[in-house]
Amino acid sequence: MGIIKDRFKEKADAVGAEIKDLIKEHGTKVIGEVQLAQIFQGMRGMTGLVTETSLLDAQEGIRFRGYSIPELQEKLPKYEGGSEPLPEGLFYLMLVGELPTEDDVQHLTSVWQRRSHVPNHVFATIEALPVTTHPMTQFVVGVMALQTESQFAKRYAAGMSKKDYWEAVFDDSMDLIARLPRIAAYIYRRKYKGGDHIQPNGLLDWSGNFAHMMGFSDDSFKELMRLYMTIHADHEGGNVSAHTTHLVGSALSDPYLSYAAGMNGLAGPLHGLANQEVIKWIFEMREELNTEAPTGEQIAEYVKKTLGAGKVVPGYGHAVLRKTDPRFTAQMEFGKKHMPNDPLVQTVWNIYETVPPILQSLGKIKNPWPNVDAHSGALLVHYGMVEYEFYTVLFAVSRALGVLASLCWDRALNFPLERPKSVTTDLVKKFLKGEDNVWGE
């Protein structure tokens, strides 16, 4: 079937048998308690999913199969002459559960190169949209147009056995990941570069080729893309894009449909669009203050003005994290290495020194620290990618690695249709009055 597919199947069979035994022996045990506030306030903190690929700790940040971001930067294979991890290696780790070798990563790169052809009708569908259309809308439309290539959809329609679902999802996921950089780069060149498109370079890695097709030849920008694609790939299963992909996939929608649904969630201002909002906020601050290098005092006043207007400081706070996002730190270290004197990057660092104490002084913000979105835009602007509306598309390409690896596991473990119970406010009030059997049990 293929080296990686065989290894994945072997791992999935073992984990599936283990889960079956866990459910048989411990299936009736209670794992946490649901509070009334949680069912009204976004299900925050409710344990309701199993996601194998990564786990988010409130204090330590994201761990991919147990490895922190600094550990991944050390242990994952690098591009020849580079120092940042290759996202191919992270995908292998999330999928198989083991650190890959150099050969494993090179194999995965070559597989994605072979699978990367995008049919012409996909480009024609994108071209049917006004060029002014938001890049994320164009991107999701392109993914939906690509759904014609779904092996899962074809095989399911032909009467595929349930035991083969995982294999069709695996093939679709590999094809989709391979093709996404081509679609995203096409949209970038269409919208911002007058439709002057750049053909793929089959000698480059997945991220390096993406940078090449967008028109960036700087080796350090390719390194940034490798880092960016790695650290944005996954953030356990409860975030909007991951959960949506999982939820839609549980209906046996194919990976193209499931991923497109997840990316519509990523496009929201409270999720992936936040990286766009951060750089927009900084640009507006610099324009109002009439300086490219605002002082700490100027930043503090502008932050207070933002908060006083009932707005949030974009890039600060996280639903789970209670410390500085390790993904922010990784990008900050990249900036110190490659662009320590860049005024915009220095402004991001000054904001980092200024904002948390102000938010802490309010006394009601659980996490005053920066998240991943607080830094990424400044690094991109340094290399000339000033089109901040496109930043969420970069996020989307990266996030495919995590959500599609998880989708492969969902089908390999035969997870069922997701269907949580919902109640009405009237029913809640009856419960609080002590009326019997209001839940219909």
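Residues numbered from 1 in each chain as written. Predicted model: local features only at pLDDT ≥ 70, side-chain atom pairs only at ≥ 80, totals over all residues. Heavy atoms only, no water.

As recorded in an unreviewed UniProt entry, the protein chain goes by the name citrate synthase (unknown stereospecificity), listed as coming from Flaviaesturariibacter flavus. Per UniProt, the comment on the protein chain under Sequence similarities (unreviewed entry) is "Belongs to the citrate synthase family." UniProt's Pathway (unreviewed entry) comment on the protein chain is quoted here verbatim: "Carbohydrate metabolism; tricarboxylic acid cycle; isocitrate from oxaloacetate: step 1/2." (UniProt positions renumbered as here; feature names shortened; annotations may be inferred.)

### Remarks on the domain arrangement of the protein chain
As assigned here, the protein chain comprises domain 1 (1–19 + 50–268 + 389–440) and domain 2 (273–383). In this structure, domain 1 and domain 2 have C-alpha centres spaced 27 Å apart. At the interface, 33 residues of domain 1 touch 25 residues of domain 2. Interface area lost by domain 1 to domain 2 is led by Ala58, Leu224 and Tyr391, which between them contribute 24%. Across the contact surface, domain 1 and domain 2 share 7 residue pairs in polar contact (both at pLDDT 80 or more). Listing elements by their share of the side of domain 1 that touches domain 2, those giving two or more residues are strand S1 (54–57), strand S2 (61–64), helix H3 (69–75), helix H11 (219–231) and helix H19 (391–412). In terms of residue class, the side of domain 1 that touches domain 2 is made up of 16 nonpolar, 10 polar and 7 charged. (Domains from an automatic or database assignment. Contact = heavy atoms within 4.5 Å. Buried area = accessible area lost by both parts, 1.4 Å probe. Polar contact = N/O pair within 3.5 Å; in protein donor to acceptor, adjacent residues only side chain to side chain. Helix = DSSP H or I, 4+ residues; strand = E, 2+ residues; numbered from the N terminus. Nonpolar A, V, L, I, M, F, W, Y, C, P; charged D, E, K, R; others polar.)

### Regarding the pattern of salt bridges
The tally for this structure, following the rule as stated, stands at 18 salt bridges. Asp164 is the partner of Lys163 in a salt bridge, and the nearest nitrogen-oxygen pair spans 3.5 Å. Residue class for Lys163 comes out exposed when judged on its relative accessible area of 59%. Measuring nitrogen to oxygen at the nearest pair gives 2.7 Å for the salt bridge that ties Arg327 to Asp325. Beyond isolated ion pairs, a larger network of salt bridges with shared partners links Lys5, Arg115, Glu167, Asp171 and Asp175. (Salt bridge = Lys/Arg side-chain N within 4 Å of Asp/Glu carboxyl O. Buried < 20%, exposed > 50% of the residue type's maximum accessible area, 1.4 Å probe, protein only.)

### A word on the side chain of His246
Tracing the sequence through the fold places His246 in helix H12 (residues 240–250). Aside from chain neighbours lying at most four places away, what touches His246 is Leu49, Asp410, Phe415 and Glu418.

### A look at the packing of helix H7 (residues 135–146) against helix H9 (residues 165–192)
Relative to each other, H7 and H9 sit at 140 degrees, their axes nearing to 10 Å. Taken together, the axes of H7 and H9 lie oblique to each other. Between H7 and H9 the crossing geometry is right-handed. Contacts between H7 and H9 involve Pro135, Gln138, Phe139, Gly142, Val143 and Leu146 on the former and, on the latter, Leu176, Arg179, Leu180, Ile183, Ala184, Ile187, Arg190, Lys191 and Tyr192. Of the residues that constitute the contact of H7 with H9, the class distribution is 10 nonpolar, 2 polar and 3 charged. (Axes fitted to C-alpha atoms, helices over the stretch in contact; angles between N-to-C directions. Parallel < 35°, antiparallel > 145°, perpendicular 65-115°, else oblique. Left-handed = near helix turned anticlockwise from the far one by under 90°.)

### A look at unusual backbone geometry
A positive phi is found at Arg65, a non-glycine position, where the angle reads about 50 degrees. Relative to the helices and strands, Arg65 resides in the loop between S2 and strand S3 (67–68). Relative accessible area serves as the criterion here: at 23%, Arg65 is assigned to the partly exposed category. Phi is positive for Glu236, close to 50 degrees, though the residue is something other than glycine.

### Considerations on the packing of aromatic side chains
Counted according to the given criterion, the structure contains 20 aromatic pairs. Plain terms: the ring middles of Phe221 and Tyr383 are 5.4 Å apart, the flat faces sit at 75 degrees to each other, and that makes the pair edge-to-face. Of the two residues, Phe221 sits in helix H11 while Tyr383 sits in the loop between helix H18 (373–382) and H19, which places them 162 residues apart along the sequence. For the residue pair Phe221 and Tyr383, the accessibility class agrees, reading buried in each case. Pairing Phe283 with Tyr388 gives two aromatic rings, centres 6.2 Å apart and planes at 55 degrees, and the pair type is tilted. Of this pair, Phe283 sits in helix H14 (residues 274–289) while Tyr388 is found in the loop between H18 and H19, placing the two residues 105 residues apart along the sequence. (Phe/Tyr/Trp six-rings, centres within 6.5 Å; stacked < 30°, edge-to-face > 60°.)

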